[in-house]
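# Architecture and fold: a report
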Amino acid sequence: MNAFFTTPLAQADKAIQSSLTHELARQREGIELIASENYVSRAVLEAAGSVLTNKYAEGYPGKRYYNGCAAVDEAETLALDRAKKLFGAAYANVQPHSGSTANQAVFLALLQPGDDILGLDLAHGGHLTHGSPVNMSGKWFKPHFYGVKKDDERIDYDQLAETAHRIKPKLISAGASAYPRIINFNRMAEIAREVGAYFMADIAHIAGLCAVGLHPNPLPLADVVTTTTHKTLRGPRGGMILSRDEALGKKFNSAVFPGVQGGPLMHIVAGKAVAFGEALTPGYKTYIQGVVDNCKAMAKGMTDNGLRLVSGGTDNHLCLLDLRPQALTGDVVTDLLEHAGITANKNMVPFDTQPPQKTSGVRVGSAAGTTRGFTESDFHQIGSWIAEITHAAKAGNGEATAHKVKAEVARLCEKYPLYQGL
Ligand SMILES: *Cc1c(COP(=O)(O)O)cnc(C)c1O
(Lines give C-alpha, C1' and ligand atoms only; values in the text may rest on other atoms or scores of the structure.)
Protein backbone atom coordinates (compact mmCIF):
# COMPACT_ATOMS: atom_id res chain seq x y z
CA MET A 1 0.00 0.00 0.00
CA ASN A 2 1.25 3.48 -0.87
CA ALA A 3 0.80 5.67 2.22
CA PHE A 4 0.81 8.79 0.04
CA PHE A 5 -2.69 7.86 -1.17
CA THR A 6 -4.11 6.67 2.13
CA THR A 7 -2.80 8.84 4.97
CA PRO A 8 -5.53 11.19 6.21
CA LEU A 9 -4.79 14.88 6.65
CA ALA A 10 -5.07 14.58 10.43
CA GLN A 11 -1.96 12.39 10.34
CA ALA A 12 -0.19 13.87 7.33
CA ASP A 13 -0.28 17.51 8.42
CA LYS A 14 -1.38 18.22 11.97
CA ALA A 15 -0.85 21.96 11.66
CA ILE A 16 -3.26 22.36 8.73
CA GLN A 17 -5.73 19.86 10.20
CA SER A 18 -5.74 22.03 13.30
CA SER A 19 -6.58 25.11 11.23
CA LEU A 20 -9.51 23.22 9.62
CA THR A 21 -10.78 22.02 12.99
CA HIS A 22 -10.48 25.54 14.37
CA GLU A 23 -12.53 26.98 11.46
CA LEU A 24 -15.21 24.25 11.70
CA ALA A 25 -15.61 25.09 15.39
CA ARG A 26 -15.95 28.80 14.56
CA GLN A 27 -18.66 28.01 11.99
CA ARG A 28 -20.48 25.72 14.45
CA GLU A 29 -20.32 27.96 17.49
CA GLY A 30 -21.01 31.36 15.95
CA ILE A 31 -23.69 33.17 13.97
CA GLU A 32 -22.55 33.92 10.43
CA LEU A 33 -24.00 37.20 9.18
CA ILE A 34 -21.48 38.09 6.48
CA ALA A 35 -23.86 38.69 3.59
CA SER A 36 -21.53 37.23 0.96
CA GLU A 37 -21.05 33.93 2.81
CA ASN A 38 -23.05 30.73 3.05
CA TYR A 39 -22.64 27.06 3.99
CA VAL A 40 -22.40 24.55 1.12
CA SER A 41 -24.01 21.13 1.35
CA ARG A 42 -22.06 18.03 2.24
CA ALA A 43 -22.46 17.02 -1.43
CA VAL A 44 -20.87 20.24 -2.73
CA LEU A 45 -18.07 19.87 -0.19
CA GLU A 46 -17.32 16.34 -1.47
CA ALA A 47 -17.21 17.43 -5.12
CA ALA A 48 -14.96 20.38 -4.25
CA GLY A 49 -12.60 18.07 -2.37
CA SER A 50 -12.49 15.42 -5.10
CA VAL A 51 -9.92 13.87 -7.46
CA LEU A 52 -11.07 16.25 -10.19
CA THR A 53 -8.48 18.66 -8.76
CA ASN A 54 -5.87 16.51 -10.54
CA LYS A 55 -7.11 17.16 -14.08
CA TYR A 56 -5.94 19.76 -16.58
CA ALA A 57 -8.81 20.67 -18.92
CA GLU A 58 -7.83 23.83 -20.81
CA GLY A 59 -10.53 24.57 -23.34
CA TYR A 60 -14.21 23.62 -23.22
CA PRO A 61 -16.16 20.31 -23.28
CA GLY A 62 -15.43 18.46 -26.53
CA LYS A 63 -12.67 20.97 -27.44
CA ARG A 64 -9.87 20.42 -24.93
CA TYR A 65 -6.15 20.88 -25.40
CA TYR A 66 -5.25 17.80 -23.35
CA ASN A 67 -6.42 14.22 -23.55
CA GLY A 68 -8.28 12.30 -20.88
CA CYS A 69 -11.10 14.82 -20.47
CA ALA A 70 -14.15 12.56 -20.99
CA ALA A 71 -15.11 12.49 -17.29
CA VAL A 72 -14.57 16.19 -16.62
CA ASP A 73 -16.46 16.97 -19.84
CA GLU A 74 -19.48 15.21 -18.29
CA ALA A 75 -19.21 17.32 -15.15
CA GLU A 76 -18.76 20.64 -16.98
CA THR A 77 -21.59 19.87 -19.43
CA LEU A 78 -23.92 19.18 -16.49
CA ALA A 79 -22.84 22.45 -14.84
CA LEU A 80 -23.49 24.38 -18.08
CA ASP A 81 -26.90 22.78 -18.74
CA ARG A 82 -28.06 23.36 -15.18
CA ALA A 83 -26.80 26.97 -15.10
CA LYS A 84 -28.63 27.78 -18.34
CA LYS A 85 -31.83 26.17 -17.09
CA LEU A 86 -31.63 27.96 -13.74
CA PHE A 87 -31.42 31.44 -15.27
CA GLY A 88 -33.00 30.92 -18.70
CA ALA A 89 -29.70 31.64 -20.46
CA ALA A 90 -28.63 30.61 -23.97
CA TYR A 91 -24.96 30.72 -22.99
CA ALA A 92 -22.97 29.99 -19.83
CA ASN A 93 -19.31 29.78 -18.81
CA VAL A 94 -18.69 28.10 -15.44
CA GLN A 95 -14.89 28.35 -15.47
CA PRO A 96 -14.19 31.79 -13.88
CA HIS A 97 -12.23 31.20 -10.68
CA SER A 98 -14.10 34.03 -8.95
CA GLY A 99 -16.60 36.81 -9.47
CA SER A 100 -13.76 39.26 -10.04
CA THR A 101 -12.26 37.08 -12.77
CA ALA A 102 -15.66 36.80 -14.46
CA ASN A 103 -15.92 40.61 -14.59
CA GLN A 104 -12.34 40.91 -15.81
CA ALA A 105 -13.10 38.49 -18.67
CA VAL A 106 -16.20 40.47 -19.68
CA PHE A 107 -14.20 43.72 -19.77
CA LEU A 108 -11.47 42.01 -21.81
CA ALA A 109 -14.09 40.73 -24.27
CA LEU A 110 -16.07 43.95 -24.74
CA LEU A 111 -13.73 46.89 -24.05
CA GLN A 112 -10.47 48.48 -25.14
CA PRO A 113 -8.09 50.07 -22.61
CA GLY A 114 -9.17 53.66 -21.99
CA ASP A 115 -12.88 53.07 -22.72
CA ASP A 116 -15.41 54.81 -20.49
CA ILE A 117 -17.36 52.60 -18.07
CA LEU A 118 -20.19 53.56 -15.71
CA GLY A 119 -20.89 51.67 -12.48
CA LEU A 120 -22.27 52.01 -8.96
CA ASP A 121 -20.01 53.96 -6.60
CA LEU A 122 -18.19 51.67 -4.14
CA ALA A 123 -19.21 53.87 -1.21
CA HIS A 124 -22.86 53.53 -2.30
CA GLY A 125 -22.80 49.74 -2.34
CA GLY A 126 -20.87 48.99 -5.55
CA HIS A 127 -17.99 46.54 -6.08
CA LEU A 128 -14.25 47.13 -6.56
CA THR A 129 -14.33 45.49 -10.00
CA HIS A 130 -16.80 48.09 -11.34
CA GLY A 131 -14.17 50.83 -11.79
CA SER A 132 -12.53 51.43 -8.42
CA PRO A 133 -9.18 53.23 -8.83
CA VAL A 134 -7.43 50.48 -6.83
CA ASN A 135 -8.74 47.75 -9.19
CA MET A 136 -7.66 46.92 -12.74
CA SER A 137 -11.12 48.05 -13.92
CA GLY A 138 -10.36 51.58 -12.71
CA LYS A 139 -6.73 51.64 -13.85
CA TRP A 140 -7.16 50.32 -17.41
CA PHE A 141 -10.55 51.88 -18.16
CA LYS A 142 -11.97 55.34 -17.50
CA PRO A 143 -14.44 54.90 -14.64
CA HIS A 144 -17.53 57.02 -13.96
CA PHE A 145 -20.04 56.40 -11.20
CA TYR A 146 -23.68 56.71 -10.28
CA GLY A 147 -24.94 56.57 -6.70
CA VAL A 148 -27.96 56.57 -4.44
CA LYS A 149 -30.14 59.57 -3.57
CA LYS A 150 -29.51 61.31 -0.27
CA ASP A 151 -33.18 61.26 0.81
CA ASP A 152 -34.33 57.66 0.21
CA GLU A 153 -30.88 56.04 -0.31
CA ARG A 154 -32.09 54.23 -3.44
CA ILE A 155 -30.26 54.24 -6.78
CA ASP A 156 -30.63 57.58 -8.54
CA TYR A 157 -31.64 56.38 -12.03
CA ASP A 158 -32.10 59.97 -13.25
CA GLN A 159 -28.50 60.80 -12.36
CA LEU A 160 -27.44 57.52 -13.99
CA ALA A 161 -29.30 58.47 -17.19
CA GLU A 162 -27.88 62.00 -17.19
CA THR A 163 -24.31 60.74 -16.72
CA ALA A 164 -24.77 58.05 -19.37
CA HIS A 165 -26.04 60.56 -21.94
CA ARG A 166 -23.20 62.95 -21.16
CA ILE A 167 -20.24 60.53 -21.27
CA LYS A 168 -21.60 57.82 -23.60
CA PRO A 169 -19.88 54.92 -21.81
CA LYS A 170 -19.03 51.75 -23.69
CA LEU A 171 -20.41 49.66 -20.80
CA ILE A 172 -22.85 50.27 -17.94
CA SER A 173 -22.75 47.89 -14.99
CA ALA A 174 -25.52 47.10 -12.55
CA GLY A 175 -24.92 45.18 -9.36
CA ALA A 176 -23.84 45.74 -5.81
CA SER A 177 -22.27 44.25 -2.71
CA ALA A 178 -24.15 46.32 -0.16
CA TYR A 179 -27.47 47.47 -1.61
CA PRO A 180 -30.54 46.25 0.32
CA ARG A 181 -33.17 47.10 -2.32
CA ILE A 182 -34.44 45.73 -5.64
CA ILE A 183 -32.39 46.91 -8.63
CA ASN A 184 -34.40 48.21 -11.59
CA PHE A 185 -32.70 46.29 -14.41
CA ASN A 186 -35.45 47.41 -16.82
CA ARG A 187 -34.62 51.06 -16.43
CA MET A 188 -30.88 50.42 -16.64
CA ALA A 189 -31.21 48.35 -19.82
CA GLU A 190 -33.27 51.13 -21.35
CA ILE A 191 -30.61 53.74 -20.52
CA ALA A 192 -27.88 51.49 -21.94
CA ARG A 193 -29.88 51.05 -25.16
CA GLU A 194 -30.40 54.84 -25.48
CA VAL A 195 -26.65 55.53 -25.33
CA GLY A 196 -25.47 52.42 -27.21
CA ALA A 197 -23.64 50.92 -24.22
CA TYR A 198 -23.25 47.28 -23.32
CA PHE A 199 -25.29 46.43 -20.23
CA MET A 200 -23.62 44.12 -17.74
CA ALA A 201 -25.59 42.91 -14.69
CA ASP A 202 -23.36 41.57 -11.91
CA ILE A 203 -25.70 39.57 -9.68
CA ALA A 204 -22.93 38.14 -7.43
CA HIS A 205 -24.96 38.73 -4.27
CA ILE A 206 -28.54 38.25 -5.43
CA ALA A 207 -28.09 35.36 -7.91
CA GLY A 208 -30.15 32.97 -5.79
CA LEU A 209 -33.01 35.48 -5.59
CA CYS A 210 -32.89 36.04 -9.37
CA ALA A 211 -32.88 32.29 -10.05
CA VAL A 212 -36.18 31.74 -8.22
CA GLY A 213 -37.91 35.01 -9.16
CA LEU A 214 -37.66 36.80 -5.80
CA HIS A 215 -35.61 39.51 -7.54
CA PRO A 216 -36.08 40.38 -11.23
CA ASN A 217 -33.78 38.19 -13.38
CA PRO A 218 -31.65 40.40 -15.68
CA LEU A 219 -31.02 37.63 -18.24
CA PRO A 220 -33.57 38.79 -20.79
CA LEU A 221 -32.43 42.43 -20.51
CA ALA A 222 -28.66 42.44 -20.12
CA ASP A 223 -26.02 41.74 -22.77
CA VAL A 224 -24.12 39.81 -20.14
CA VAL A 225 -24.71 38.64 -16.58
CA THR A 226 -21.87 37.80 -14.20
CA THR A 227 -22.12 36.22 -10.79
CA THR A 228 -20.30 34.45 -8.04
CA THR A 229 -21.44 30.93 -7.20
CA HIS A 230 -20.79 31.00 -3.43
CA LYS A 231 -23.08 33.72 -2.04
CA THR A 232 -26.88 33.22 -2.15
CA LEU A 233 -26.35 30.64 -4.92
CA ARG A 234 -24.76 28.43 -2.21
CA GLY A 235 -22.14 26.68 -4.32
CA PRO A 236 -18.36 26.45 -4.06
CA ARG A 237 -16.26 29.64 -4.23
CA GLY A 238 -16.19 30.71 -7.89
CA GLY A 239 -17.64 32.77 -10.73
CA MET A 240 -19.82 32.39 -13.81
CA ILE A 241 -20.77 34.31 -16.97
CA LEU A 242 -24.25 34.04 -18.54
CA SER A 243 -25.81 35.55 -21.63
CA ARG A 244 -28.86 35.33 -23.86
CA ASP A 245 -26.51 35.98 -26.81
CA GLU A 246 -24.48 33.00 -28.05
CA ALA A 247 -22.40 35.15 -30.43
CA LEU A 248 -21.21 37.31 -27.51
CA GLY A 249 -20.69 34.06 -25.64
CA LYS A 250 -17.92 33.05 -28.06
CA LYS A 251 -16.06 36.23 -27.10
CA PHE A 252 -16.52 35.52 -23.38
CA ASN A 253 -15.20 31.98 -23.81
CA SER A 254 -11.99 33.27 -25.40
CA ALA A 255 -11.71 35.99 -22.77
CA VAL A 256 -11.92 33.47 -19.89
CA PHE A 257 -9.51 31.05 -21.58
CA PRO A 258 -6.94 31.89 -22.86
CA GLY A 259 -7.67 35.57 -22.08
CA VAL A 260 -7.39 35.74 -18.30
CA GLN A 261 -7.17 32.13 -17.08
CA GLY A 262 -5.35 28.89 -17.78
CA GLY A 263 -6.76 25.52 -16.75
CA PRO A 264 -10.18 25.49 -15.04
CA LEU A 265 -10.62 24.15 -11.48
CA MET A 266 -12.57 21.02 -12.45
CA HIS A 267 -13.30 19.98 -8.84
CA ILE A 268 -14.93 23.39 -8.35
CA VAL A 269 -16.77 23.12 -11.68
CA ALA A 270 -18.19 19.79 -10.42
CA GLY A 271 -19.16 21.48 -7.14
CA LYS A 272 -20.92 24.21 -9.12
CA ALA A 273 -22.88 21.52 -11.01
CA VAL A 274 -24.00 19.98 -7.70
CA ALA A 275 -25.06 23.38 -6.31
CA PHE A 276 -26.99 24.26 -9.48
CA GLY A 277 -28.74 20.89 -9.28
CA GLU A 278 -29.77 21.76 -5.71
CA ALA A 279 -30.94 25.22 -6.83
CA LEU A 280 -33.23 23.63 -9.44
CA THR A 281 -35.22 21.75 -6.76
CA PRO A 282 -38.39 23.22 -5.18
CA GLY A 283 -36.65 23.20 -1.78
CA TYR A 284 -34.27 25.89 -2.97
CA LYS A 285 -37.09 28.32 -3.72
CA THR A 286 -38.39 27.69 -0.19
CA TYR A 287 -34.86 28.37 1.09
CA ILE A 288 -34.57 31.71 -0.75
CA GLN A 289 -38.06 32.76 0.42
CA GLY A 290 -36.79 32.03 3.92
CA VAL A 291 -33.66 34.14 3.30
CA VAL A 292 -35.82 37.14 2.32
CA ASP A 293 -38.35 36.69 5.18
CA ASN A 294 -35.58 36.16 7.72
CA CYS A 295 -33.73 39.27 6.59
CA LYS A 296 -36.89 41.34 7.12
CA ALA A 297 -37.25 39.80 10.60
CA MET A 298 -33.62 40.67 11.46
CA ALA A 299 -34.16 44.22 10.13
CA LYS A 300 -37.24 44.53 12.35
CA GLY A 301 -35.26 43.26 15.34
CA MET A 302 -32.87 46.16 14.81
CA THR A 303 -35.38 48.93 14.00
CA ASP A 304 -37.76 47.81 16.80
CA ASN A 305 -34.84 48.47 19.13
CA GLY A 306 -33.97 51.93 17.88
CA LEU A 307 -31.39 51.32 15.15
CA ARG A 308 -31.36 52.99 11.73
CA LEU A 309 -31.02 50.99 8.52
CA VAL A 310 -29.87 52.48 5.22
CA SER A 311 -33.02 53.01 3.09
CA GLY A 312 -35.09 52.03 6.15
CA GLY A 313 -35.15 48.28 5.56
CA THR A 314 -34.51 45.51 3.05
CA ASP A 315 -36.00 43.79 0.00
CA ASN A 316 -33.31 41.13 -0.29
CA HIS A 317 -30.86 39.04 1.76
CA LEU A 318 -28.94 41.88 3.43
CA CYS A 319 -29.34 45.07 5.41
CA LEU A 320 -26.96 47.88 6.14
CA LEU A 321 -26.92 49.28 9.67
CA ASP A 322 -26.17 53.02 9.82
CA LEU A 323 -24.24 53.91 12.99
CA ARG A 324 -24.13 57.67 12.39
CA PRO A 325 -27.06 58.33 14.80
CA GLN A 326 -24.97 56.68 17.57
CA ALA A 327 -21.74 58.35 16.35
CA LEU A 328 -20.10 54.88 16.38
CA THR A 329 -17.95 53.26 13.70
CA GLY A 330 -18.33 49.88 12.00
CA ASP A 331 -14.91 48.58 13.08
CA VAL A 332 -15.77 49.00 16.77
CA VAL A 333 -19.22 47.40 16.51
CA THR A 334 -18.13 44.42 14.36
CA ASP A 335 -15.31 43.65 16.81
CA LEU A 336 -17.82 43.65 19.69
CA LEU A 337 -20.18 41.45 17.66
CA GLU A 338 -17.32 39.01 17.07
CA HIS A 339 -16.72 38.88 20.81
CA ALA A 340 -20.38 37.88 21.11
CA GLY A 341 -19.94 35.11 18.50
CA ILE A 342 -21.63 37.07 15.71
CA THR A 343 -19.58 37.58 12.54
CA ALA A 344 -20.41 40.59 10.35
CA ASN A 345 -18.37 43.13 8.41
CA LYS A 346 -17.88 46.87 8.66
CA ASN A 347 -19.15 48.64 5.56
CA MET A 348 -19.29 52.16 4.17
CA VAL A 349 -22.75 53.73 4.15
CA PRO A 350 -23.74 56.15 1.37
CA PHE A 351 -22.18 59.62 1.96
CA ASP A 352 -19.94 58.16 4.67
CA THR A 353 -17.38 60.53 6.13
CA GLN A 354 -15.40 57.77 7.87
CA PRO A 355 -12.48 56.07 6.06
CA PRO A 356 -12.92 52.47 4.73
CA GLN A 357 -10.85 51.10 7.67
CA LYS A 358 -13.46 52.45 10.12
CA THR A 359 -16.75 53.11 8.24
CA SER A 360 -20.11 54.17 9.68
CA GLY A 361 -21.89 50.94 8.84
CA VAL A 362 -22.28 47.23 9.45
CA ARG A 363 -23.52 44.88 6.72
CA VAL A 364 -25.50 41.81 7.80
CA GLY A 365 -27.14 39.07 5.75
CA SER A 366 -29.45 36.10 6.26
CA ALA A 367 -28.19 33.61 3.62
CA ALA A 368 -25.94 31.48 5.87
CA GLY A 369 -28.19 31.53 8.94
CA THR A 370 -31.18 30.45 6.86
CA THR A 371 -29.21 27.50 5.46
CA ARG A 372 -28.45 26.54 9.03
CA GLY A 373 -32.14 26.56 9.89
CA PHE A 374 -32.62 29.78 11.89
CA THR A 375 -36.27 30.90 11.89
CA GLU A 376 -37.83 34.36 11.62
CA SER A 377 -38.07 34.57 15.41
CA ASP A 378 -34.37 33.58 15.71
CA PHE A 379 -33.46 36.33 13.24
CA HIS A 380 -35.58 38.89 15.11
CA GLN A 381 -33.64 37.90 18.22
CA ILE A 382 -30.33 38.29 16.37
CA GLY A 383 -31.39 41.80 15.28
CA SER A 384 -32.20 42.60 18.94
CA TRP A 385 -28.76 41.37 20.05
CA ILE A 386 -27.10 43.62 17.46
CA ALA A 387 -29.10 46.54 18.86
CA GLU A 388 -28.28 45.63 22.45
CA ILE A 389 -24.54 45.52 21.69
CA THR A 390 -24.66 48.76 19.70
CA HIS A 391 -26.43 50.67 22.50
CA ALA A 392 -24.01 49.17 25.03
CA ALA A 393 -21.05 50.27 22.90
CA LYS A 394 -22.47 53.79 22.92
CA ALA A 395 -22.87 53.64 26.72
CA GLY A 396 -19.32 52.36 27.17
CA ASN A 397 -20.10 48.82 28.38
CA GLY A 398 -19.86 46.99 25.06
CA GLU A 399 -17.49 44.23 26.23
CA ALA A 400 -19.64 43.18 29.18
CA THR A 401 -22.76 43.05 27.00
CA ALA A 402 -20.94 41.11 24.25
CA HIS A 403 -19.86 38.60 26.89
CA LYS A 404 -23.45 38.16 28.11
CA VAL A 405 -24.84 37.82 24.55
CA LYS A 406 -22.15 35.24 23.68
CA ALA A 407 -23.74 32.72 26.05
CA GLU A 408 -27.17 33.21 24.42
CA VAL A 409 -25.60 32.92 20.93
CA ALA A 410 -24.00 29.61 21.96
CA ARG A 411 -27.40 28.28 23.11
CA LEU A 412 -29.00 29.21 19.77
CA CYS A 413 -26.17 27.63 17.75
CA GLU A 414 -26.39 24.38 19.69
CA LYS A 415 -29.98 24.00 18.46
CA TYR A 416 -28.81 23.98 14.82
CA PRO A 417 -25.88 21.59 14.33
CA LEU A 418 -23.60 22.02 11.34
CA TYR A 419 -21.84 19.30 9.31
CA GLN A 420 -22.54 16.47 11.74
CA GLY A 421 -20.01 13.70 11.25
CA LEU A 422 -17.22 15.93 9.97
C1 LIG B 1 -18.56 39.39 -4.33
C2 LIG B 1 -18.69 40.22 -5.55
C3 LIG B 1 -17.80 40.10 -6.64
C4 LIG B 1 -16.49 39.36 -6.57
O5 LIG B 1 -16.47 38.08 -6.24
P6 LIG B 1 -15.11 37.34 -5.80
O7 LIG B 1 -15.46 35.92 -6.00
O8 LIG B 1 -14.83 37.74 -4.40
O9 LIG B 1 -14.03 37.80 -6.73
C10 LIG B 1 -18.07 40.81 -7.79
N11 LIG B 1 -19.14 41.62 -7.87
C12 LIG B 1 -19.99 41.80 -6.84
C13 LIG B 1 -21.14 42.71 -7.01
C14 LIG B 1 -19.78 41.11 -5.64
O15 LIG B 1 -20.61 41.32 -4.62
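Everything in this summary refers to the structure shown in the same document.

With that out of the way, let us pick up the packing of aromatic side chains. Under the criterion given, the structure shown has eight aromatic pairs. Arranged with centres 5.9 Å apart and planes meeting at 70°, the rings of Phe374 and Phe379 form a pair that is edge-to-face. Using a relative accessible area of 4% as the deciding quantity, one classes Phe374 as buried. Summarising the aromatic geometry, the rings of Phe374 and Tyr416 are spaced 5.1 Å apart at their centres and angled 75° between planes, so their arrangement reads as edge-to-face.

All right, on to the site of the ligand then. The immediate surroundings of the ligand are formed by 13 residues, with Gly99, Ser100, Ser177, Asp202 and Lys231 found nearest. Between the ligand and the protein, one listed contact pairs an oxygen atom with a side-chain N or O atom of Ser177 at 2.8 Å. Between the ligand and the protein, one listed contact pairs an oxygen atom with a side-chain N or O atom of Lys231 at 2.9 Å. In isolation the ligand has 380 Å² of accessible area, and contact with the protein removes 86% of it.

A cluster of nonpolar side chains, Leu9, Ile16 and Leu20, forms an exposed patch at the surface whose accessible area comes to about 240 Å². Mapping Ile16 onto the fold places it in helix H2 (residues 14-29). The exposure class assigned to Ile16 is partly exposed, which follows from its relative accessible area of 41%.

For the rest of this paragraph, the subject is the packing of helix H5 (residues 99-110) against helix H10 (residues 246-260). When two helices pack together, you describe them by how their axes are tilted relative to each other and by the distance separating the axes. H10 packs onto H5 with a crossing angle of 115° between their chain directions and a minimal axis gap of 8 Å. H5 and H10 meet at a crossing whose hand is right-handed. Judged by residue contacts, Thr101, Gln104, Ala105, Val106, Leu108, Ala109 and Leu110 of H5 engage Leu248, Lys251, Phe252, Ala255, Val256, Gly259 and Val260 from H10.

Now for the nonpolar core. Soluble globular proteins: nonpolar side chains tend toward being buried together. Membership of the largest hydrophobic core comes to 58 residues, with the highest contact counts inside it found for Phe87, Ile172, Met188 and Leu242. Within the second largest apolar cluster, 35 residues are counted, among which are Met302, Phe379, Trp385 and Ala393.

A few words now on the pattern of salt bridges. Where side chains of opposite charge bring their charged atoms close, a pairing between them can arise. One pass over the structure, following the stated rule, counts 19 salt bridges. One salt bridge connects Arg64 with Asp73, and the closest N-O pair in it is separated by 2.7 Å. An identical accessibility class is assigned to Arg64 and Asp73; each is buried. Here Lys404 makes a salt bridge to Glu408, at a shortest N to O gap of 3.3 Å. Here the residue Lys404 and the residue Glu408 both occupy positions in helix H16 (residues 398-415), the gap between them amounting to four residues, near one helical turn. Residue classification places Glu408 among the partly exposed positions, given a relative accessible area of 22%.

Here we come to the environment of Asp378. Within the secondary structure, Asp378 sits in helix H15 (residues 376-395). Taking the relative accessible area as the measure of exposure, Asp378 reaches 7% and is therefore buried. For the pair formed by Asp378 and Met298, sequence separation is 80 residues and the distance between their alpha carbons is 8.3 Å.

So, about the side chain of Asp378. For the buried residue Asp378, which engages in no salt bridge, the nearest side chain bearing the opposite charge is Lys415, 4.3 Å off. Contacts of Asp378, omitting those with residues within four sequence positions, involve Leu412, Lys415 and Tyr416.

Summarising the element assignment, Leu214 is placed in the loop between helix H9 (207-212) and strand S9 (224-228). Here Leu214 falls in the partly exposed class, since its relative accessible area comes to 25%. Linking Leu214 and Ala161, residues 53 residues apart in sequence, is a C-alpha distance of 26 Å. Ignoring sequence-local partners within four residues, the contact set of Leu214 consists of Ile182, Leu209, Ile288, Gln289 and Val292.

The next point concerns the pairing of strand S10 (residues 239-243). Within S10, five of the five residues are buried, which leaves it mostly tucked inside the rest of the structure. Here S10 shows no split at all, with Gly239, Ile241 and Ser243 on one side and Met240 and Leu242 on the other all buried. Note that S9 and S10 share four bridges and pair antiparallel. Looking at the pairing, Val225 lines up with Leu242 of S10.

This paragraph deals with the sheet that holds strand S5 (residues 116-120). One open sheet holds the seven strands; their spatial order is S4-S10-S9-S8-S7-S5-S6, and the pairing between them is mixed. The two strands at the open ends of the sheet, each matched to only one other strand, are strand S4 (91-93) and strand S6 (142-146). Ignoring strand direction, the axes of neighbouring strands in this sheet form an average angle of 20°. Along the sheet face, helix H4 (residues 70-87) touches S4 and S10 and points at about 125° away from the line of S4.

Now for the sheet that holds strand S14 (residues 345-347). Ordered in space as S11-S12-S15-S14, the four strands form an open sheet in which the pairing is antiparallel. Edge positions in the sheet fall to strand S11 (308-309) and S14, since each of these pairs with one other strand and no more. Pairing of S14 with strand S15 (residues 361-365) involves three bridges; the strand directions are antiparallel. Across the sheet, the residue bridging to Asn345 is Arg363, located in S15. Sheet strands touched by helix H13 (residues 330-339): S14 and S15. Its angle to S15, the strand with the most contacts, is close to 45°.

What follows covers the packing of helix H12 (residues 282-303) against H15. Interhelical geometry of H12 versus H15 gives an angle of 35° and a closest axis separation of 7 Å. Considering only the axes of H12 and H15, their crossing is right-handed. Contacts from Asp293, Asn294, Ala297, Met298, Lys300, Gly301 and Met302 in H12 reach Glu376, Phe379, His380, Ile382, Gly383, Ser384, Ile386 and Ala387 in H15. Its residues assigned to classes, the contact of H12 with H15 shows seven nonpolar, five polar and three charged.

Conventions used here
Residues numbered from 1 in each chain as written. Predicted model: local features only at pLDDT ≥ 70, side-chain atom pairs only at ≥ 80, totals over all residues. Heavy atoms only, no water. Phe/Tyr/Trp six-rings, centres within 6.5 Å; stacked < 30°, edge-to-face > 60°. Buried < 20%, exposed > 50% of the residue type's maximum accessible area, 1.4 Å probe, protein only. Near = heavy atom within 4 Å. Polar contact = N/O pair within 3.5 Å; in protein donor to acceptor, adjacent residues only side chain to side chain. Areas by Shrake-Rupley, 256 points an atom, 1.4 Å probe, with all protein chains shown as cover. Patch = residues over 30% accessible without salt bridge, like charges linked within 9 Å, V, L, I, M, F, W, Y side chains within 5 Å. Salt bridge = Lys/Arg side-chain N within 4 Å of Asp/Glu carboxyl O. Helix = DSSP H or I, 4+ residues; strand = E, 2+ residues; numbered from the N terminus. Axes fitted to C-alpha atoms, helices over the stretch in contact; angles between N-to-C directions. Left-handed = near helix turned anticlockwise from the far one by under 90°. Contact = heavy atoms within 4.5 Å. Core = buried A, V, L, I, M, F, W, Y, C linked by side-chain atoms within 4.5 Å. Lys, Arg positive; Asp, Glu negative; His and termini not counted. Pairing = 2+ DSSP bridges. Nonpolar A, V, L, I, M, F, W, Y, C, P; charged D, E, K, R; others polar.

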